[in-house]
Amino acid sequence: CITANQAAAEIVGAESPQKMLQQNFRSISSWQPTGLLTKAEAALKSDQEQQVESQFTTTFGKQIYLHGAFNTFVQAGKQHLLFSFADITEVQQSRTELSKAYDATIEGWARALELRDPLTEGHTRRVADRTVQLARLLGFSEEELILIYRGAILHDIGKIAISDTILNKPDVLDETEIQEIQHHPDYAVDMLAPIEYLSPAMDIPHYHHERWNGSGYPAGLKGDAIPYAARIFAVVDVWDALRMDRPYRKSWSRKKTHDYLAENQGKLFDPQVVSAYFKLLAA
């Protein structure tokens, strides 16, 4: 026996509880990918509360975002499932607007950094967009891609702490200057880690100069010890950097850059990431 109250009916856009229960629940658009059915089954098996947030379109044509909880209880010797939920569509819309404001802020920071080095103009947005494309190809979720994008946009933000004398030097850096440049990932952590909404996006700013064979910096991490997002970004970043003119060298050709990544596949770069990037370039 399935029952529902009037409040539940109104949330999903039905005229009455009876009308709500007449719909084919499995035909609801995007119902299964939301995890609702999985959570319901988990509650029945474990007898423990299962919470879920889901966005979908009901068979009544209403688009909603719900926060719900599945609980079980026993009555007359039979197990019953209770699903209580609230419409949090407006809350989610506020979250979306706040997220857009966050992203506008960090893009402004990245733009400010690029203004100090006009030769790198456009680099940050290009590598951020391409890193998201590659991460999507490698199976990252949409929520994870948001963090990857933020980390990619801010990958060089630590260079704000580096002097213009070093940052814009027209010649090859000396050993002391190289050591100072190599501190920029640590400066990024100092700047960003205290900011709550950015702390989950720190893998790229902190570790994008680590290398597969352990020869990178700042921590000398090796192989799978390097966060996956940083390994993905490193490939995209090096490709874009080599394809740009610098004061001390001309840009590399597409073939020369491709050959460099191929030669260092499994040495400096995660071999699977390089293979995936070549597929992305060929698409």
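To be clear, the structure that these remarks concern was listed above.
Everything in this summary refers to the structure shown in the same document. (Residues numbered from 1 in each chain as written. Predicted model: local features only at pLDDT ≥ 70, side-chain atom pairs only at ≥ 80, totals over all residues. Heavy atoms only, no water.)

### Quick look at the overall build of the chain
Stated formally: Numbering of helices and strands runs from the N terminus, with a helix taken as a DSSP run of H or I at least four residues long and a strand as a DSSP run of E at least two residues long. Atoms counted for the radius of gyration: C-alpha only. Globule rule: 2.2 Å times the number of residues to the power 0.38. Classification of residues uses two cut-offs on accessible area relative to the type maximum, computed with a 1.4 Å probe and protein chains only: under 20% is buried, over 50% is exposed, and between them is partly exposed. Accessible surface is estimated by sampling points in the Shrake-Rupley manner with a 1.4 Å probe; for residues, cover comes only from the protein chains shown.
In terms of regular secondary structure, the chain is built from 13 helices and 3 strands. Taking 19 Å as the expected radius of gyration for a compact globule of 283 residues, we find that the chain reaches 25 Å, considerably beyond that expectation. Dimensions along the principal axes, computed over C-alpha positions, put the chain at roughly 80 × 35 × 30 Å. The buried share among the 283 residues of the chain stands at 41%. By element, 52% of the accessible surface of the chain is carried by carbon and sulfur atoms, the whole surface being about 15700 Å².

### Concerning the pairing of strand β3 (residues 78-87)
Note the cut-off: Following DSSP output, two strands are said to pair if at least two bridges run between them.
Relative to β3, strand β2 (residues 63-75) runs antiparallel, the two being bridged by 10 bridges. Pairing of G68 across the sheet is with F85, part of β3. In this antiparallel pair of consecutive strands, β2 and β3, the connection spans 2 residues, and A76 shows a positive phi of 55 degrees.

### Regarding the packing of aromatic side chains
To keep it simple, the criterion reads: Any pair of Phe, Tyr and Trp rings, taking the six-membered ring for Trp, is counted once the centres come within 6.5 Å. Such a pair is stacked with planes under 30 degrees apart, edge-to-face with planes over 60 apart, and tilted for the rest.
Enumeration according to the criterion identifies 5 aromatic pairs in this entry. Measuring from centroid to centroid gives 4.3 Å for F70 and F83, while their planes differ by 15 degrees, and the two rings are stacked. Taken together, the positions of F70 in strand β2 and F83 in strand β3 put the pair 13 residues apart, joining distant regions of the chain. Residue classification places F70 among the buried positions, given a relative accessible area of 6%. Classification of F83 by relative accessible area gives partly exposed; the value is 24%. Relative to F269, the ring of Y260 has its centre 6.3 Å away and its plane inclined at 70 degrees; by these criteria the two rings are edge-to-face. Classification of F269 as buried rests on a relative accessible area of 2%. Site record: aromatic cluster; members linked through ring pairs are W252, Y260 and F269.

### Looking at helix α9 (residues 184-192)
Put simply, the rule is: Of all possible arcs, the one meant is that of the directions from the helix axis to the C-beta atoms.
For α9, every residue scored as buried is listed here: H184, P185, A188 and L192. Angular distribution of buried residues about the axis of α9 spans 105 degrees; they occupy a single face of the element.

### Comments concerning unusual backbone geometry
Cis geometry is adopted by the peptide bond preceding P218, which originates at Y217 and carries an omega value of 10 degrees. Its place among the elements puts P218 in the loop between α10 (203-207) and α11 (228-242). Despite not being glycine, D47 shows a phi value in the positive range, around 60 degrees. Here D47 shows up in the loop between α3 (36-46) and β1 (50-57). Its identity as a non-glycine residue notwithstanding, A76 has a phi of 55 degrees, on the positive side. For A76, the position within the fold is in the loop between β2 and β3.

### Looking at the sheet that holds β3
Note on sheets: strands pair through backbone hydrogen bonds, and any given pair is parallel or antiparallel. To keep it simple, the criterion reads: Under this scheme, a helix contributes an axis fitted over its contacting stretch, all axes are lines through C-alpha atoms, and angles between N-to-C directions fall in the 0 to 180 degree range. Any two residues whose heavy atoms approach within 4.5 Å are treated as being in contact.
Taken in spatial order, the 3 strands line up as β1-β2-β3 in an open sheet, and their pairing is antiparallel. In this open sheet, the two strands that pair with only one neighbour each are β1 and β3. Here the average twist between neighbouring strands, direction ignored, is 30 degrees. Sheet analysis places β1 next to β2, joined by 8 bridges and oriented antiparallel. Pairing of T57 across the sheet is with Q63, part of β2. In the packing of α3 onto the sheet, contacts are made with β1, β2 and β3, and the angle to β1 comes to roughly 155 degrees.

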